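Now for the letters of each chain:
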Amino acid sequence: MTRYFSQEHEWIEIEGDLGTVGITDYAQGQLGDITFVDLPAEGATFDKGDSVAVVDSVKAASDVYTPVSGTIAEANEVLADQPELVNTDAEVGGWLFRITLSDASELEALMDEAAYKDYVASL
Amino acid sequence: MSEYPISDSDQEPEELAPMLLPLDGWHRDHGGRMVEFAGYMMPVQYEGIMAEHLWTRENAGLFDVSHMGQLLVTGEEGAQTDVEPALEAALPIDLSTLKLGAVRYSLLLDENGGILDDLMVARWPGGFYLVVNGATKWDDIGTLREYLPDDITLNHLDDRALLALQGPKAFAALERVAEGEYPLSALTFMKGGRFTLGGVDAWISRSGYTGEDGFEISVPGESAADVADLLLAQPEVKPIGLGARDSLRLEAGLPLYGHDMDPERGPVEAGLAFGINKRRRLEGGFPGAERVQRDFAEGTAQKRIGLSLDGRQAAREGAKVFHGEQEVGVVTSGGFSPSLQRPIAMAYVDAALAADGTALSIEIRGKKLDATVAAMPFVPNRYHR
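Residues numbered from 1 in each chain as written. Chains lettered and ligands numbered in written order. Predicted model: local features only at pLDDT ≥ 70, side-chain atom pairs only at ≥ 80, totals over all residues.

A. Spotlight on the overall build of chain A. A tally of helices and strands in chain A yields three helices and nine strands. Mapped in sequence order, the helices and strands of chain A form the string β-β-β-α-β-β-β-β-β-α-β-α. At 13 Å, chain A has a C-alpha radius of gyration in line with the 14 Å of a compact globule built from 123 residues. A total of 123 residues make up chain A; the buried ones form 46% of that total. Put simply, of all contacts in chain A between residues at least 6 apart along the chain, 62% involve residues at least 24 apart. (Helix = DSSP H or I, 4+ residues; strand = E, 2+ residues; numbered from the N terminus. Rg over C-alpha atoms; globule rule 2.2 N^0.38 Å. Buried ≥ 20, exposed ≤ 12 C-beta atoms within 10 Å, placed from the backbone. Contact = placed C-beta atoms within 7 Å.)

In structure tokens form, the structure reads like this:
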């Protein structure tokens, strides 16, 4: 399994042609207490960079962009009752959706963990 | 991720570098996350908005609101007789009934009766002390200077900091450190007086922007950190950022200038005409009086209301409000209520649909969510009257 990161602070973990997407721990820390997550419908197709989900915190609503193009395979329904999982477990249990990739070459434009760490340090 | 800030003011030109307030270093030392607000760097949060919000509702929260404008209006030789009618000609509230030390809520109106700002007015010995919003203070000074005769002095007390201590334990914490000619308990809601805090001269009023019992404390800027340290040393007190200030005031049903009121809105439709008493309504003689009198007589097309939402998704400023298929208003503030654990909002809607319990809907990202007109405050006020 390989994990990539976007400049918009999403992470995507790849297993075959399926990617699991969430926001990074850095991103959840910036957003603060998350109160609601609006998730995409299964079967919906998106292009890379499309707004796919919305994360609501006490202070603001924030778009989550998909780092790859594809079709939504699953949304993390647990978040409907426990949106705070995105705060407490952003990079594991707080995943947002799974997407079937339509173009795996898009992953090449993303960062690995070390590059993302450097990127966050530069902010 | 991209963020849509909902409560940051857009009133200041962006190209100006943000200014630093007396407690800037103090906030950074205490873990405050600093953001630009009203032209200043201000702490939006320390440990987190939700925790800070709930702490304030249960204990005491210390807020730095030094970005707000503290103004002093005085007549020549401090003669009260001249300054009172002069300020009454500039503001719509009745000052003749405002006793020494008492504080009253007012609006600053333009000639058409549009709201330029909301403010607190206190009668001090020799004049009136005003607290206006940070983002609007420079414009307010210009407007007031225009409204006031030349022989009335308007001083911007920009060497003073302003703190707020809010919450059910604010009194216990402040009483421990406040010294004065009379005990702190002499102050009831909307009363103020002079005290010292650790030897620092302070003007303290029992008022605030959270719906809780609490105090607003004006101190010299150079002593602000000492006073903040003294207050924070009390076990009831934690520092609270602007984020929780916004969610607390929303639960309390208190409007935020630039969002829930602006020059397009008048005092009557905003539900903020309570300070304009019968005498001032009848006599007029303040900017915008004609519109206020007309709105009282004829009513307004829209009214500011509270909305309670189902589910967990919050409505934000700018969301359209519907009655069936018909667009009937707009959300001006909204968010998730930490105390109630559900979304709440303020909106302007057609006056015919403003009654409590009216079923409406709010369009959020293409979906219509159910909302019900709700009485404000959403969380009961606990002022010490």
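B. Fine view of the overall build of chain B. Counting its secondary structure elements, chain B contains nine helices and 21 strands. Relative to the compact-globule value of 21 Å for 385 residues, chain B shows a C-alpha radius of gyration of 21 Å, a close match. Seen through its C-alpha atoms, chain B measures out along the principal axes to roughly 60 × 50 × 45 Å. Scored against the burial criterion, the 385 residues of chain B give a buried share of 51%. Considering only residue pairs separated by 6 or more positions, chain B has 67% of its internal contacts joining residues 24 or more positions apart.

C. Local environment of the sheet that holds strand 4 (residues 60–64) of chain B. Residues and elements named next belong to chain B. Taken together, the seven strands give an open sheet; going across it, the order is 11-12-13-14-10-4-15, and neighbouring strands pair in mixed fashion. Edge positions in the open sheet fall to strand 11 (178–179) and strand 15 (237–239), since each of these has one partner strand only. Here strand 10 (residues 160–166) runs beside strand 14 (residues 214–220); their pairing, made up of seven bridges, is antiparallel. Bridging from a neighbouring strand, Leu165 pairs with Phe215 of strand 14. Running at roughly 10 degrees to strand 10, helix 6 (residues 224–232) makes contact with strand 4, strand 10, strand 12 (192–197), strand 13 (200–205), strand 14 and strand 15 of the sheet. (Pairing = 2+ DSSP bridges. Axes fitted to C-alpha atoms, helices over the stretch in contact; angles between N-to-C directions.)

D. Focus on the nonpolar core. By size, the foremost hydrophobic cluster in this structure holds 101 residues, and its most contacted members are B:Val121, B:Leu130, B:Leu163, B:Leu165, B:Leu307, B:Ala347 and B:Ile362. Inspection of this core shows a minimum of three residues originating in each of domain 1 (24–66 + 159–251) and domain 2 (301–385) of chain B. Discounting residues that sit within four places of it in the chain, B:Val121 has contacts with B:Leu91, B:Ile93, B:Val103, B:Arg104, B:Ser106, B:Phe128 and B:Leu130. If you look at the next biggest cluster of nonpolar residues, it comprises 29 residues, including A:Trp11, A:Ile34, A:Leu85 and A:Phe97. (Core = buried A, V, L, I, M, F, W, Y, C linked by C-beta atoms within 7 Å. Domains from an automatic or database assignment.)

E. Representation of the interface of chain B and chain A. Taken together, the contact pairs 21 residues of chain B with 19 residues of chain A. Elements supplying a minimum of two residues to the side of chain B that touches chain A: strand 1 (2–3), helix 2 (49–58), helix 7 (242–251) and strand 18 (326–337) of chain B. Looking at the side of chain B that touches chain A residue by residue, the classes come out as nine nonpolar, eight polar and four charged. (Nonpolar A, V, L, I, M, F, W, Y, C, P; charged D, E, K, R; others polar.)

F. Main features of the sheet that holds strand 6 (residues 103–109) of chain B. All names here are of chain B. Taken in spatial order, the five strands of this open sheet run 6-7-8-5-9, and their pairing is antiparallel. At either end of the open sheet lies a strand with only one pairing partner, and these are strand 6 and strand 9 (153–156). The sheet shows a mean angle of 30 degrees between the axes of neighbouring strands, taken without regard to direction. Pairing of strand 7 (residues 115–124) with strand 8 (residues 127–132), which is carried by six bridges, proceeds in the antiparallel orientation.

G. Region of interest: unusual backbone geometry. Here the bond from B:Met376 into B:Pro377 is cis, since omega is 0 degrees, no more than 30 degrees from zero. Within the secondary structure, B:Pro377 sits in the segment after strand 21 (367–374). In this structure, A:His9 is a non-glycine residue whose phi angle is positive, near 70 degrees. Mapped onto the elements, A:His9 comes out in the loop between strand 1 (2–5) and strand 2 (10–15). Of note in the backbone geometry, B:Gln341 takes a positive phi value of approximately 60 degrees without being a glycine. Among the residues examined, B:Gln341 registers 10 C-beta atoms within 10 Å and is labelled exposed.

H. Summary view of the environment of B:Val73. Residues and elements named next belong to chain B. Along the chain, Val73 turns up in strand 5 (residues 69–74). Here Val73 falls in the buried class, since 22 other C-beta atoms lie within 10 Å of it. C-alpha of Val73 to C-alpha of Ala173: the two residues are 100 residues apart in sequence and 31 Å apart in space. What Val73 contacts, discounting residues up to four positions off in sequence, is Val83, Leu87, Gly127, Phe128, Leu130, Ile152 and Leu154.

I. Expanded view of helix 7 of chain B. Taking burial as the measure, the 10 residues of helix 7 of chain B include 10 buried ones, the bulk of the element. The inward-facing, buried residues of helix 7 of chain B abut strand 2 (33–37), strand 3 (40–45), helix 2, strand 4, strand 18 and strand 19 (342–350) of chain B.

J. Region of interest: the environment of B:Phe195. Residue and element names in this part refer to chain B. Note on placement: Phe195 falls in strand 12. The exposure class assigned to Phe195 is buried, which follows from the 22 C-beta atoms found within 10 Å. If we ignore the near neighbours within four places in the chain, the residues touching Phe195 are Ala178, Glu179, Gly180, Ala202 and Ile204.

K. Spotlight on the pairing of strand 19 of chain B. Residues and elements named next belong to chain B. Of all nine residues in strand 19, seven are buried; the element is thus mostly enclosed. Two strands pair when backbone bridges link them, and strand 18 and strand 19 are joined in this way by eight bridges, in the antiparallel orientation. Bridged to Gly334 within strand 19 is Ala345. In textbook terms, the turn of a hairpin is the stretch between consecutive antiparallel strands, and for strand 18 and strand 19 this stretch comprises four residues, one of which, Gln341, has a positive phi near 60 degrees.

L. How the structure looks around the domain arrangement of chain B. All names here are of chain B. If you check the domain split of chain B, you get domain 1 (24–66 + 159–251) and domain 2 (301–385). Contact with domain 1, which involves 14 residues of that partner, is made by 15 residues of domain 2. Elements that contribute at least two residues to the side of domain 1 that touches domain 2 include exactly helix 2 and helix 7. The residue makeup of the side of domain 1 that touches domain 2, split by class, is five nonpolar, four polar and five charged.

M. A look at the confidence of the model for chain B. Here chain B averages 94 in pLDDT, and 95% of its residues register 70 or above. Considering only residues more than four positions removed or in separate chains, one finds that residues 1–10 of chain B, a stretch of pLDDT under 50, has 28 contacts. (pLDDT = per-residue confidence, 0-100.)

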